[in-house]
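Structure at a glance
Residue-level listing of the chains:
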Amino acid sequence: MAIDEKEVRTAEEPKPTGLGLVKGLGVTLKHALRPSITQQYPQERPDLPPRTRGVIALKESNCTVCYKCSRECPDWCIYIDAHKETHEPASGGKGRSMKVLDRFAIDYALCMYCGICVEVCPFDALFWSPEFEYAEYEIVELTHEKEKLEEWTYTVLPPPSLEDGAEAPAGEGAA
Amino acid sequence: MIAQAGVSYVDQWLDGYWLVLVVKAAVVLVFFLTAPLAVGYAEHKVLAHMQARLGPMYAGAFHGWAQLVADGVKFVQKEDIIPAAADRWVFSLAPGVALVPYIVVLVVIPFSDQAFVLNLDVGIFFVIAMTSISVIGVLMAGWASANKFSLIGALRAAAQLIAYELPLVLAAAAVVMQAATLSMIGIVEAQEQYWFVFSQPIGFFIFMVASLAELTRPPFDMPVADSEIIFGAYTEYTGLKFAFFLLSEYGGIVVLSAIASVLFLGGYLGLPGMEAVPGPLWMAAKIGALSFLIIWLRATYPRLREDQLQRASWLVLIPLALVQIMGVAVLKVAV
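Parameters at a glance
Residues numbered from 1 in each chain as written. Chains lettered and ligands numbered in written order. Predicted model: local features only at pLDDT ≥ 70, side-chain atom pairs only at ≥ 80, totals over all residues. Heavy atoms only, no water. Helix = DSSP H or I, 4+ residues; strand = E, 2+ residues; numbered from the N terminus. Buried < 20%, exposed > 50% of the residue type's maximum accessible area, 1.4 Å probe, protein only. Contact = heavy atoms within 4.5 Å. Areas by Shrake-Rupley, 256 points an atom, 1.4 Å probe, with all protein chains shown as cover. Patch = residues over 30% accessible without salt bridge, like charges linked within 9 Å, V, L, I, M, F, W, Y side chains within 5 Å. Salt bridge = Lys/Arg side-chain N within 4 Å of Asp/Glu carboxyl O. Buried area = accessible area lost by both parts, 1.4 Å probe. Polar contact = N/O pair within 3.5 Å; in protein donor to acceptor, adjacent residues only side chain to side chain. Nonpolar A, V, L, I, M, F, W, Y, C, P; charged D, E, K, R; others polar. Expected span 1.5 Å × (residues − 1). Axes fitted to C-alpha atoms, helices over the stretch in contact; angles between N-to-C directions. Parallel < 35°, antiparallel > 145°, perpendicular 65-115°, else oblique. Left-handed = near helix turned anticlockwise from the far one by under 90°. Pairing = 2+ DSSP bridges. Lys, Arg positive; Asp, Glu negative; His and termini not counted. Charge placed at Lys NZ, Arg CZ, Asp CG, Glu CD.

Things to note about the overall build of chain A
A count of helices and strands for chain A gives 4 helices and 5 strands. Sequence-ordered secondary structure for chain A, helices as α and strands as β, is α-β-α-β-β-α-β-β-α. When each of the 175 residues of chain A is scored for burial, the buried share is 25%. In chain A, 71% of the contacts between residues at least 6 apart in sequence involve partners at least 24 apart. Surface accessibility of chain A: about 13400 Å² in total, with carbon and sulfur atoms responsible for 55%.

A few points about a nonpolar patch on the surface
Residue and element names in this part refer to chain B. Together, Ile162, Leu166, Ile202, Phe205, Trp314, Leu315, Val316 and Leu320 make up an exposed nonpolar region whose accessible area comes to about 760 Å². At the level of elements, helix 6 (148–179), helix 9 (201–214) and helix 13 (306–334) are the ones that each hand at least two residues to the nonpolar patch. Take the nonpolar patch: its biggest share by element is 4 residues, from helix 13. Positionally, Trp314 belongs in helix 13. Trp314 sits in the partly exposed class, given a relative accessible area of 40%.

Some points on the interface of chain B and chain A
Interfaces are often sized by the amount of accessible area the parts lose when they come together. Chain B puts 13 residues into the contact, and the matching count from chain A is 14 residues. The junction of chain B with chain A conceals about 1200 Å² of combined surface from both sides, 65% of it contributed by carbon and sulfur atoms. When the buried surface of chain B facing chain A is broken down by residue, B:Ala52, B:Trp296 and B:Tyr301 rank first, second and third, together holding 38% of it. Applying the counting criterion to the chain B and chain A interface returns 0 salt bridges. For the interface between chain B and chain A, the tally reads 7 residue pairs in polar contact (both at pLDDT 80 or more). Here the residues of the side of chain B that touches chain A sort into 10 nonpolar, 2 polar and 1 charged.

Concerning helix 11 (residues 239–264) of chain B
Think of an α-helix as 3.6 residues a turn; residues three or four steps apart then line up on the same face. Residue and element names in this part refer to chain B. For helix 11, with 26 residues, the first-to-last C-alpha span of 37 Å sits near the 38 Å given by 1.5 Å per residue. Within helix 11, 23 of the 26 residues are buried, which leaves it mostly tucked inside the rest of the structure. Looking one or two residues beyond helix 11, the residue adopting positive phi is Gly266, at roughly 75°.

Observations concerning the side chain of B:Lys241
Residues and elements named next belong to chain B. Its place among the elements puts Lys241 in helix 11. Note on Lys241: relative accessible area 13%, which makes it buried. Ignoring any residue separated from it by four or fewer positions in sequence, one finds Lys241 in contact with Asp80, Ile82, Phe91, Ser92 and Pro95.

Describing the environment of B:Gly267
Residues and elements named next belong to chain B. Within the secondary structure, Gly267 is located in the loop between helix 11 and helix 12 (279–300). In this structure Gly267 comes out as buried when scored by relative accessible area, which is 0%. With 157 residues separating them in the primary sequence, Gly267 and Pro110 have C-alpha atoms 7.7 Å apart. Among residues more than four places away in sequence, those in contact with Gly267 are Val188, Ser261, Val262, Trp282, Met283 and Lys286.

Structural notes on the side chain of B:Ser291
Residues and elements named next belong to chain B. Mapped onto the elements, Ser291 comes out in helix 12. A distance of 2.8 Å separates the side chain of Ser291 from the backbone oxygen of Ile287, its partner in a polar contact. Residues contacting Ser291, with those up to four places away along its chain left out, are Val39, Ile253 and Ser257.

A look at the packing of helix 4 (residues 88–106) of chain B against helix 5 (residues 123–144) of chain B
All names here are of chain B. Where helix 4 meets helix 5, the axes come as close as 8 Å, and the angle between the chain directions of the two elements is 165°. If you check the angle between helix 4 and helix 5, you find them roughly antiparallel. In the packing of helix 4 onto helix 5, the handedness of the crossing is left-handed. Residue-level inspection shows Val90, Phe91, Leu93, Ala94, Val97, Ala98, Pro101, Tyr102, Val104 and Val105 of helix 4 in contact with helix 5, the latter providing Phe126, Val127, Met130, Thr131, Ile133, Ser134, Ile136, Gly137, Met140, Ala141 and Ala144.

What to know about the environment of A:Val140
All names here are of chain A. Relative to the assigned elements, Val140 resides in the loop between strand 4 (126–129) and strand 5 (143–144). Looking at Val140, the relative accessible area reads 61%, which means it is exposed. For the pair formed by Val140 and Glu72, sequence separation is 68 residues and the distance between their alpha carbons is 22 Å.

Comments concerning the environment of B:Val176
Residue placement: B:Val176 occurs in helix 6. As a C-alpha pair, B:Val176 and B:Phe149 span 27 residues in sequence and 39 Å in three-dimensional space.

Examining unusual backbone geometry
Residue and element names in this part refer to chain B. Here Pro218 and Pro219 are connected by a cis peptide whose omega angle stands at 5°. Assignment of secondary structure puts Pro219 in the loop between helix 9 and helix 10 (226–229). At His63, a position not held by glycine, the phi torsion is positive, near 50°. By secondary structure assignment, the location of His63 is in the loop between helix 2 (17–50) and helix 3 (67–77).

Quick notes on the packing of helix 2 of chain B against helix 4 of chain B
Residue and element names in this part refer to chain B. Relative orientation of the contacting elements helix 2 and helix 4 amounts to 120°, with a least axis distance of 10 Å. Classified by the interaxial angle, the pair formed by helix 2 and helix 4 is oblique. At the point where helix 2 passes helix 4, the crossing takes the right-handed sense. The residues of helix 4 that touch helix 2, namely those facing Val28, Leu29, Phe31 and Phe32, are Leu99, Tyr102, Ile103 and Leu106. Partitioning the contact of helix 2 with helix 4 into residue classes produces 8 nonpolar, no polar and no charged.

Re the sheet that holds strand 5 of chain A
Residues and elements named next belong to chain A. Spatially, the 3 strands line up as an open sheet ordered 2-3-5, and their pairing is antiparallel. The open sheet has two edge strands with one neighbour each: strand 2 (78–87) and strand 5. By the bridge criterion, 10 bridges tie strand 2 to strand 3 (residues 96–107) in an arrangement that is antiparallel. Pairing of Thr86 across the sheet is with Ser97, part of strand 3.

Looking at a positive patch on the surface
All names here are of chain A. Taken together, Lys68, Arg71, Lys84 and Lys99 make up a surface patch of like positive charges. Structurally, Lys68 can be placed in helix 2 (residues 68–72). Note on Lys68: relative accessible area 39%, which makes it partly exposed.

Encoded structure:
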C-alpha cells in the first residue's frame with residue numbers, strides 16, 4: 001500500500017517549552033482554587049437527573065401477564081408466576097377468563113440494566129425509576145419481589161407531555 | 001539577641017553535655033516525625049484539589065487530618081515479608097540507610113540564630129554529603145531484593161543521583177562563594193541585605209530542579225516509574241520498611257526545602273518591615289512554600305524519560321551552573 005507523500009504528516013517544529021510549562025502550572029493552580037466536584041455520597045445526596053435509569057419498577061395494575069418482558073430478557077432475570085381465573089359476567093353468558101399475577105420478581109444480581117423489558121412492555125407496567133439504593137448483604141436477597149418493585153414506581157416522573165399538534169391519546173386510560 | 005547569636009537555645013538553658021545532647025536529639029526526632037507527615041498530608045490534599053477531588057475526609061474527623069497517622073498504624077500491622085532469594089541483612093538495613101541521612105541533615109538546619117542544634121563550620125558541605133548517602137539505601141534495597149524491577153529502579157536512582165548531584169553542588173557552591181562561608185547560619189546572615197534568589201535566580205532554579213531529581217520526585221521519578229518497573233527499588237518492601245522509604249521521601253522534601261530556603265530565600269530572615277514575626281515561623285513558612293511548589297510540580301508535569309533526564313542534566317543544567325558559578329566568581333572578585 002503506497003502512501004502518498006503529501007499525506008504523510010510531518011511533526012511540527014517544537015515550540016519553546018517554557019511557556020507551556022508555566023501554562024500547565026496555571027491550569028493545576030486554577031483547579032486547586034475552584035471548589036471540587038466531589039459529592040460526599042452517604043452524607044450528601046447525589047445530584048442525579050430526575051429520569052436517571054436506576055432500577056426497574058413495576059406498576060402491577062398495568063401488568064397483563066403477557067410474559068413479553070421475561071421472554072425478551074437477555075439473561076432471564078425476570079420471574080413471573082400467574083394463574084387463570086374465570087369471572088361470570090353479571091349479565092350472564094360465557095365466563096371471561098383473565099390472568100392474575102402471583103409473583104413478579106427481578107433478580108438484580110443477574111439484571112444488566114439493558115431496559116429491553118421496559119421497551120417491550122405493551123401496557124406501560126415497567127418503568128425506569130431513579131432509585132439506586134437496594135444493595136443487599138446476600139446475593140439471593142437481590143431478587144426483589146413485586147411489592148418492592150411497586151414501591152419504586154412512586155418516584156417515577158409522569159410521562160413527558162405530548163408535543164404541540166400531536167394526535168390526542170386514544171382512550172381515557174391511556175398513559 | 002545579637003550577642004547570643006550562634007549559641008543555641010538549648011545550650012543557654014540546659015547544663016550538662018549528655019542532657020543537652022538528649023534534648024537536642026529528641027527535638028530533631030520529633031520534628032522529623034511530624035514535619036514529613038504534614039507535608040504528606042498536604043500532598044494528599046493539594047493533589048486532590050488540583051484534580052477537582054477532596055482527598056482524605058474521614059480520618060480524624062476534620063478533613064482527614066489524621067490520614068497519615070492511620071496509614072502509619074496500617075503499615076505497622078502489615079506482614080513483614082522478605083523475599084526468599086533476598087539478601088536478608090542488606091534488605092532489612094536499606095530503609096534505615098535511606099532514612100537516617102535526612103534526620104542527620106536536620107541537625108545543621110537553623111530555624112533562627114538561636115534555634116538550631118549544631119552550627120557546623122562546614123554546614124553546607126555536610127548537608128550535601130549526607131543527602132547523597134540516601135541513594136545508597138535505595139541501591140541496597142534494589143540489589144538485595146533479588147528482583148529485576150528493583151535492580152533497574154535502583155540503578156536508575158543511582159544514575160540520576162550522579163547526574164544531578166553535580167548541578168546541585170555547583171548551585172550551592174555559587175551561594176557559598178557569594179556568602180564567603182560554609183556555615184548554614186553564616187549563609188543566612190549573609191542575606192541580610194537581599195536574598196540570594198535575587199542575585200542568583202538561575203542558581204535557585206538549578207537547585208530546585210536538581211533537588212526534585214535527587215528526591216526522585218515527579219517529573220523525575222523514573223526510578224519508581226510504576227508503568228515500567230512497578231515501584232522500582234521498593235517493589236519487594238512491605239509494612240514498616242516500606243513506610244520508612246515513604247518517610248524518607250517526605251523527610252527529603254522537608255530537608256531539601258529547608259536547605260533551599262537557607263541558601264536562596266534568606267532562611268529565618270523575614271521580609272523587611274515584618275521583623276515582629278519570629279524566625280522559626282519564617283523558616284517554617286518558606287519550607288512550606290517550597291514543599292507546596294514540589295507538590296504542585298508533581299500535579300502538573302508528566303514523568304520524563306530516562307534519556308531526557310540525563311540530557312537535561314548534562315547538556316542544560318551543568319553548563320548553566322558552570323556559567324553561573326563563573327559569573328558569581330567574576331563579580332565576587334571585581335566588585
